[in-house]
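Observations on the three-dimensional arrangement
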Amino acid sequence: MNGEFVEIFEVGPRDGLQNEKRLIDAADKIALVDLLSTAGFHRIEVASFVSPKWVPQMATSADVLGGITRSKGISYAALTPNMRGFDGAVAAKADEVAIFGSASEGFSKANINASIEESLERFRPVAQAAIAAEIPVRGYISCVVNCPYDGATAPDAVAQVARELHAMGCYELSLGDTTGHAYPEEISAMLRAVRDAVPDAVLAGHYHDTSGRALDNIEASLNEGVRVFDAAIGGLGGCPYAPGAAGNVATEAVHERLTQLGYATGLNANVLNRAAALALSMREEG
Ligand code: HMG
Ligand code: MG
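As a starting point, this report considers the structure included with it.

The rules we used
- Residues numbered from 1 in each chain as written.
- Chains lettered and ligands numbered in written order.
- Predicted model: local features only at pLDDT ≥ 70, side-chain atom pairs only at ≥ 80, totals over all residues.
- Heavy atoms only, no water.
- Phe/Tyr/Trp six-rings, centres within 6.5 Å; stacked < 30°, edge-to-face > 60°.
- Helix = DSSP H or I, 4+ residues; strand = E, 2+ residues; numbered from the N terminus.
- Lys NZ or Arg CZ within 6 Å of the ring centre and 35° of its normal.
- Donors = N, O, S within 2.8 Å, 3.2 Å for Na, K, Ca; no water.
- Buried < 20%, exposed > 50% of the residue type's maximum accessible area, 1.4 Å probe, protein only.
- Salt bridge = Lys/Arg side-chain N within 4 Å of Asp/Glu carboxyl O.
- Polar contact = N/O pair within 3.5 Å; in protein donor to acceptor, adjacent residues only side chain to side chain.
- Contact = heavy atoms within 4.5 Å.
- Core = buried A, V, L, I, M, F, W, Y, C linked by side-chain atoms within 4.5 Å.
- Axes fitted to C-alpha atoms, helices over the stretch in contact; angles between N-to-C directions.
- Parallel < 35°, antiparallel > 145°, perpendicular 65-115°, else oblique.
- Left-handed = near helix turned anticlockwise from the far one by under 90°.

1. Let's talk about the packing of aromatic side chains
- Evaluated as defined, the whole model comprises two aromatic pairs.
- With 5.3 Å between their ring centres and 50° between their planes, Trp54 and Tyr241 make a pair best called tilted. Taken as a pair, Trp54 in the loop between β2 (43–48) and α3 (61–67) and Tyr241 in the loop between β10 (228–231) and α10 (251–260) lie far apart in primary sequence, 187 residues in all.
- Taking 6.5 Å as the distance between ring centres and 50° as the angle between the ring planes, the aromatic pair formed by Tyr207 and Phe229 counts as tilted. Of this pair, Tyr207 sits in strand β9 (residues 203–207) while Phe229 sits in strand β10; the two residues are 22 residues apart in sequence, bridging distant segments of the chain.
- When the ring centre of Tyr140 is taken as origin, the NZ or CZ atom of Arg14, which lies over that ring, is 5.7 Å away.
- A cation sits over an aromatic face here: Arg138 above Tyr140, 5.3 Å from the ring centre.

Structure (structure tokens):
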């Protein structure tokens, strides 16, 4: 506290928009990213090089990365599930990439058509290629508390995947409450198990807000030493392969809560509010 920096990693242009049914023009996505680039973020996830059959909304990812006005000091990130995705991200000049796995088998199969073990084998060459190219690689772990297909997730299962992704060279691990139903005490128990497996400093919280507890889950995570949180402007989003899951916790709400708690985010609230209005208007136009 007392002005300690807590980073909000903006994921709205990817996690927020990927779930929108109406296909949004690249120009509109670019306008949103360009506005977000003036808010004070260090990292913004803007793209996803996945199969357009699986997630049609992300088919414009190369156009978005090619069209944005890049700000110095901001890393523009992209999801890359396999080598094909990695090559696409590199060609589009993503500043960093992310591999995304799951702590539950059911979600892994539904989301990326692979068992956890198979997915780790697919990620390994991506991580190696990223490291060789000096491109930072982040790791996501979904369903860290529960899974829409398998029910409750054991904290040890999360710790196991965290250990693997960290060993591959992921510089940060983003822990996803994909369904948005976790309780703070479940988040704390999960974090304690993961902290036994990897260093505290590599952890980030990625909480969807279906049950309205994401801000409380962030507070529980702050108490466990987490200092990076993913959020989506306007609270947009959900995951196409997590039925019923709502959007990420809203960036502007996380900024407000962190500020109330005495942390510094470095973000400009006026810009966040304008960007939230723009993001929500893109949804309402559908
Ligand atoms: P697959 O069917 O196992 O793979 O899909 P495949 O290699 O057999 O390829 C199938 C088709 O996809 C082929 O095309 C490939 O060419 C194509 P077809 O022959 O049918 O015309 N393909 C690709 N196209 C473009 N870019 C690529 C690519 N790779 C293959 N990189 C695959 C495996 C991973 C591709 C697929 O399952 C997929 O795209 N899944 C995406 C799922 C996704 O994006 N989900 C949302 C993001 S994750 C999330 O939101 C959670 C997170 O926010 C954290 C949290 O909240 O928990 C991160
Ligand atoms: Mg997510």
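2. Some thoughts on the coordination of the magnesium ion (ligand 2)
- Taken together, Asp15 (OD), His206 (NE2) and His208 (NE2) make up the protein donors of the magnesium ion (ligand 2), found 2.1 to 2.3 Å from the metal.
- Every donor residue of the magnesium ion (ligand 2) comes from the same chain, spaced as D-x190-H-x1-H. Of this pair, Asp15 sits in helix α1 (residues 12–16) while His208 sits in the loop between β9 and α9 (214–223); the two residues are 193 residues apart in sequence, bridging distant segments of the chain. By the burial criterion, Asp15 is buried, and His208 matches it.

3. Observations regarding the pattern of salt bridges
- Scanning all chains against the criterion turns up 14 salt bridges.
- With a closest N to O distance of 3.5 Å, Arg14 and Asp15 form a salt bridge. Of the two residues examined, Arg14 and Asp15, each falls in the buried class.

4. As for the side chain of Arg14
- Relative to the assigned elements, Arg14 resides in helix α1.
- At 2.7 Å, the side chain of Arg14 and the side chain of Glu45 are in polar contact.
- In this structure, Arg14 is in contact with Glu45, Val46, Ala47, Ser48, Met58, Leu79, Tyr140 and His206, ignoring residues within four places of it in sequence.

5. Some points on the nonpolar core
- Counting 96 residues, the largest nonpolar core has Leu65, Ile99, Ile141, Leu165, Leu175 and Leu203 as the members making the most contacts within it.
- Excluding anything up to four places from it in sequence, Leu165 contacts Ile99, Leu120, Phe123, Gly139, Tyr140, Ile141, Cys170 and Leu173.

6. Brief notes about the packing of α9 against α10
- The N-to-C vectors of α9 and α10 enclose an angle of 45°; their axes lie 11 Å apart at closest approach. Considering the angle they form, α9 stands oblique to α10. Seen along the crossing, α9 lies across α10 with a hand that is right-handed. Contact residues: Leu215, Asp216, Ile218, Glu219 and Leu222 in α9; Ala253, Val254, Arg257 and Leu258 in α10.

Just distances and angles here, no functional claims.
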